[in-house]
Amino acid sequence: MRAQLTLQIEVRFSDAARSANQLLRLTPRAFDGLHVLDWFVGVEPVATLRRGEDGFGNIVHSCSHAGPLDKILITAEGLVETQDAAGVTRGLHEKQPLDVFLRHHESPGDIAAYAAQALDGETDRLTGLHRLMAALHEKLRFAPADAPPRPAAEVFAAGEGSARELAQVFVAAARAEEIPARFVSGLRLDGGEGAPIHAWAEAYVDGLGWIGFDSALGFCPRDAHLRLAHGVDFFSAAPRRGAFFGYADEKVETRLAISSARQASWQIQQ
């Protein structure tokens, strides 16, 4: 898929904020299934954007705004070409060892038992992960939302969650089976149900590398998934994190406009 897109994140304050700091992971990093032809990130009011790289290899921009501030408008836009690689993520510069993505940040509780039941002793890791994705997709209802995720155990008990929350449940379930797994944030380019900022998980399979699993939608990421960042959890891969000084509440609105032309797809997961 070749897509020209514009993502806008508007942050409004109920009372003027004295100042604000922003950390943005809104620039996709190219890999075998993604070519970034043009990309731009900007903020209003205008501020100096400092570009860098975090500990996972994600491209990050940071900036500070002096107040008073009624709103901040963040824009990320560009031209990309995506290919359906059946979820396989090859060609990224990996900065962390696999052990980092085995850490149990929260006790999976019933998630571990459910994962063991879903895999049912399957010795082929790829087959087992597909089973796990299908089982979680069937058990947990996708309830689109654009709020920070609840703990995975709470989401599992509730039986429904946002894409971010379902991704964290998959990560917890895979790690309970001693499979390296990580959280991925991105965009949906197909205009489907839910917020344009999406999320899924990736798990590591020997011989193939990192493979994406979207238990919210029930299939591996396709060419309509635009990958932005990854981390051990949502907070280390969030597209935007901000802090402001003052006593205001903030309201965030996200808008995505896409002009695309579908092209031939290919798959490399075997």
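Our subject is the structure listed above.
Right, let's walk through the structure included here. (Residues numbered from 1 in each chain as written. Predicted model: local features only at pLDDT ≥ 70, side-chain atom pairs only at ≥ 80, totals over all residues. Heavy atoms only, no water.)

When helices and strands are tallied, the protein chain shows 4 helices and 13 strands. In summary, the protein chain has a C-alpha radius of gyration of 19 Å against a globular reference of 18 Å for 270 residues, a match within 12%. In terms of overall dimensions, the protein chain has a C-alpha envelope of 60 × 40 × 35 Å along the principal axes. Counting every position in the protein chain, which comprises 270 residues, the buried fraction comes to 51%. Once local pairs closer than 6 in sequence are excluded, the contacts in the protein chain between residues at least 24 apart make up 75%. Approximately 12,000 Å² of the protein chain is accessible, and the part contributed by carbon and sulfur atoms is 47%. If you average the places of the 27 positive and of the 35 negative side-chain charges in the protein chain, the two averages end up 4 Å apart. (Helix = DSSP H or I, 4+ residues; strand = E, 2+ residues; numbered from the N terminus. Rg over C-alpha atoms; globule rule 2.2 N^0.38 Å. Buried < 20%, exposed > 50% of the residue type's maximum accessible area, 1.4 Å probe, protein only. Contact = heavy atoms within 4.5 Å. Areas by Shrake-Rupley, 256 points an atom, 1.4 Å probe, with all protein chains shown as cover. Lys, Arg positive; Asp, Glu negative; His and termini not counted. Charge placed at Lys NZ, Arg CZ, Asp CG, Glu CD.)

Here we take up the sheet that holds strand β11 (residues 225-231). The strand order across the open sheet formed by 5 strands is β5-β10-β9-β8-β11, and the pairing between neighbours is antiparallel. Pairing within the sheet leaves two strands with one partner each, and these edge strands are β5 (88-89) and β11. Two elements, strand β9 (residues 197-205) and strand β10 (residues 209-213), share 5 bridges in a ladder whose sense is antiparallel. Within the sheet, the bridge partner assigned to alanine 201 lies in β10 and is phenylalanine 213. Together, β8 (181-188), β9 and β10 form the strand contacts of helix α4 (residues 163-176), whose direction differs from that of β9 by roughly 15°. (Pairing = 2+ DSSP bridges. Axes fitted to C-alpha atoms, helices over the stretch in contact; angles between N-to-C directions.)

Glancing now at the pattern of salt bridges. Within the structure shown, the criterion is met by 15 salt bridges. One salt bridge in this structure joins glutamate 81 and arginine 2, with 2.7 Å as the shortest N-O distance. With a gap of 79 residues between them, glutamate 81 in strand β4 (residues 59-82) and arginine 2 in strand β1 (residues 2-27) connect regions that are remote in the sequence. We note a salt bridge from arginine 182 to glutamate 202, for which the minimum N-O separation is 2.8 Å. (Salt bridge = Lys/Arg side-chain N within 4 Å of Asp/Glu carboxyl O.)

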